[in-house]
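Residue strings, one per chain:
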Amino acid sequence: MLFQNLSPVANGPPAALPRNQHPRPRVAKQPSAANLVLAVLPRKDYQRLLTGLLEPVELTYGQVLYEPAGQIGHVYFPTDCLVSLLTAVDKNRTLEVGMVGNEGMVGMPMVLGIGVSAVQALVQGSGTALRMSAARFRAEFRKNLPLQRALFHYTHLLMAQVSQTAACNRFHPAEARLARWLLMTSDRLRADEFRLTHEFLAHMLGVRRVGVTKAASVLERRELIDYSRGHIRILDRKRLEAAACTCYRIVKDLQDSAQA
Ligand SMILES: [Zn+2]
């Protein structure tokens, strides 16, 4: 198992996710749906899925939903949890290549008719999701045109995010990437405070722990974040966005326009 003993949260504390006044993302057509893919489905379809096919589950920090090359047992529509998609760099390192919150679905290979995951899907922020078994999803997806449309659209958004992340990991300095990562996490968890260990961040950003310390210190000195004992608090969101690389805004604008 490629990812065995590599879990970035193996020794980390659970992610406490205090809620605050962070604005909830706008929901397009289905105001009762907390997941934005489900939100665009016609009300009747959504109700049918909710009462017959979807099952609410609590996902906890550090939980692995899929391993690379592992079978996809369920697809997940996060409502207020956050899932990282990680790829192996070598025997000791993993790197985050994507992040899924309530804007998307975990288990996207299923949309392409593939029942196997290419990445590790790791719960990065505890919370709830609606899940559907792979078999039920396969049958439903085949006949549900609005669901197809919503997930094709999300495929485009996720591909844009993954492509931008690839460019970001190669070209942008660690502190700008850290700022971007914190903003993306904050958006999806709808919180300005969360728990994160250096080790976890090192895996997410593909840098050494000392690199995380350095990057976090830069942001702390500028009073953009407070980071102590694995607890991160965003102090000035606006200035943190200015410190982040342009990748954050590019992906966010694309996503916001999709939801408009
Ligand atoms: Zn970047």
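Cut-offs used in this document
Residues numbered from 1 in each chain as written. Predicted model: local features only at pLDDT ≥ 70, side-chain atom pairs only at ≥ 80, totals over all residues. Heavy atoms only, no water. Helix = DSSP H or I, 4+ residues; strand = E, 2+ residues; numbered from the N terminus. Contact = heavy atoms within 4.5 Å. Areas by Shrake-Rupley, 256 points an atom, 1.4 Å probe, with all protein chains shown as cover. Buried < 20%, exposed > 50% of the residue type's maximum accessible area, 1.4 Å probe, protein only. Arc of directions from axis to C-beta. Salt bridge = Lys/Arg side-chain N within 4 Å of Asp/Glu carboxyl O. Pairing = 2+ DSSP bridges. Axes fitted to C-alpha atoms, helices over the stretch in contact; angles between N-to-C directions. Parallel < 35°, antiparallel > 145°, perpendicular 65-115°, else oblique. Nonpolar A, V, L, I, M, F, W, Y, C, P; charged D, E, K, R; others polar. Expected span 1.5 Å × (residues − 1). Donors = N, O, S within 2.8 Å, 3.2 Å for Na, K, Ca; no water. Tetrahedral: all angles 85-135°; square planar, octahedral: opposite > 155°, others 65-115°. pLDDT = per-residue confidence, 0-100.

1. Quick word on the overall build of the protein chain
Assigned secondary structure in the protein chain consists of nine helices and ten strands. Within the protein chain, counting contacts between residues at least 6 apart in sequence, those at least 24 apart form 74% of the total. Working note: accessible area of the protein chain is about 12,300 Å², and carbon and sulfur atoms make up 54% of it.

2. Things to note about helix H2 (residues 43-53)
Because an α-helix packs 3.6 residues into every turn, residues spaced three or four apart end up facing the same way. By the burial criterion, the buried members of H2 are Asp45, Tyr46, Leu49 and Leu53. Relative to the axis of H2, the buried residues are bounded by an arc of 100° and lie together on one face. Away from its buried face, by an angle of more than 90 degrees, H2 presents the exposed residues Arg43, Lys44 and Thr51. Next to the buried residues of H2 lie helix H1 (36-39), strand E1 (55-59), strand E7 (127-133), helix H3 (134-143) and helix H4 (145-171).

3. Quick notes on the pattern of salt bridges
Within this structure, the stated rule accounts for ten salt bridges. One salt bridge in this structure joins Glu103 and Arg188, with 3.1 Å as the shortest N-O distance. Note that Glu103 is positioned in the loop between strand E5 (94-100) and strand E6 (120-125) and Arg188 in helix H5 (residues 174-189), a separation of 85 residues in sequence. This pair shows no difference in class: Glu103 is buried, exactly as Arg188 is. Arg249 serves as the salt-bridge partner of Glu241, at 2.7 Å between the closest nitrogen and oxygen. The exposure class of Arg249 is partly exposed, given its relative accessible area of 32%. One connected set of salt bridges, linked through shared partners, spans Asp45, Arg48 and Glu140.

4. Thoughts on the sheet that holds strand E3 (residues 74-78)
The strands making up a sheet are joined through hydrogen bonds of the backbone, oriented either antiparallel or parallel. With respect to topology, three strands assemble into an open sheet ordered E1-E7-E3, the strand pairing being antiparallel. Looking at which strands have only one partner, the edges of the open sheet turn out to be E1 and E3. On average, each strand axis in the sheet is inclined to that of its neighbour by 40°, with strand direction left out of account. Pairing of E3 with E7 involves five bridges; the strand directions are antiparallel. For His74, the partnering residue across the bridge sits in E7 and is Ser133. Along the sheet face, H3 touches E3 and E7 and points at about 70° away from the line of E7.

5. Description of the packing of H5 against helix H6 (residues 198-205)
Where H5 contacts H6, the two axes come as close as 11 Å, and the packing angle between them is 105°. For the element pair H5 / H6, the angle class is roughly perpendicular. Along the contact surface, H5 presents Arg177, Leu178 and Trp181, while H6 presents Phe200, Leu201, Met204 and Leu205. The residue inventory of the contact of H5 with H6, partitioned by class, reads six nonpolar, no polar and one charged.

6. Re H5
An ideal rise of 1.5 Å per residue puts 22 Å on 16 residues; H5 measures up with 22 Å between its terminal C-alpha atoms. Within H5, 14 of the 16 residues are buried, which leaves the element mostly enclosed by the surrounding structure. Where H5 ends, the next residue or the one after it, Arg190, has phi of about 55°, a positive value.

7. Quick look at the pairing of E6
Of all the six residues making up E6, six are buried; the element is thus mostly covered by neighbouring parts of the structure. Looking at chain direction, strand E2 (residues 64-66) and E6 are connected through two bridges and run antiparallel. Across the sheet, Tyr66 pairs through a bridge with Ala121, a residue of E6.

8. Digging into the coordination of the zinc ion
The protein atoms that coordinate the zinc ion are Cys168 (SG), His172 (ND1), Cys245 (SG) and Cys247 (SG), at distances of 2.1 to 2.3 Å. Classification of the site at the zinc ion as tetrahedral follows from its four donor atoms and the range of 97 to 121° in their angles at the metal. Considered as a linear motif, the donors of the zinc ion on their single chain read C-x3-H-x72-C-x1-C.

9. Examining the confidence of the model for the protein chain
For the protein chain, mean pLDDT is 86; residues scoring 70 or higher make up 87% of the total. Ranking the helices and strands of the protein chain by mean pLDDT puts E3 first, with 98, and H6 last, with 83.

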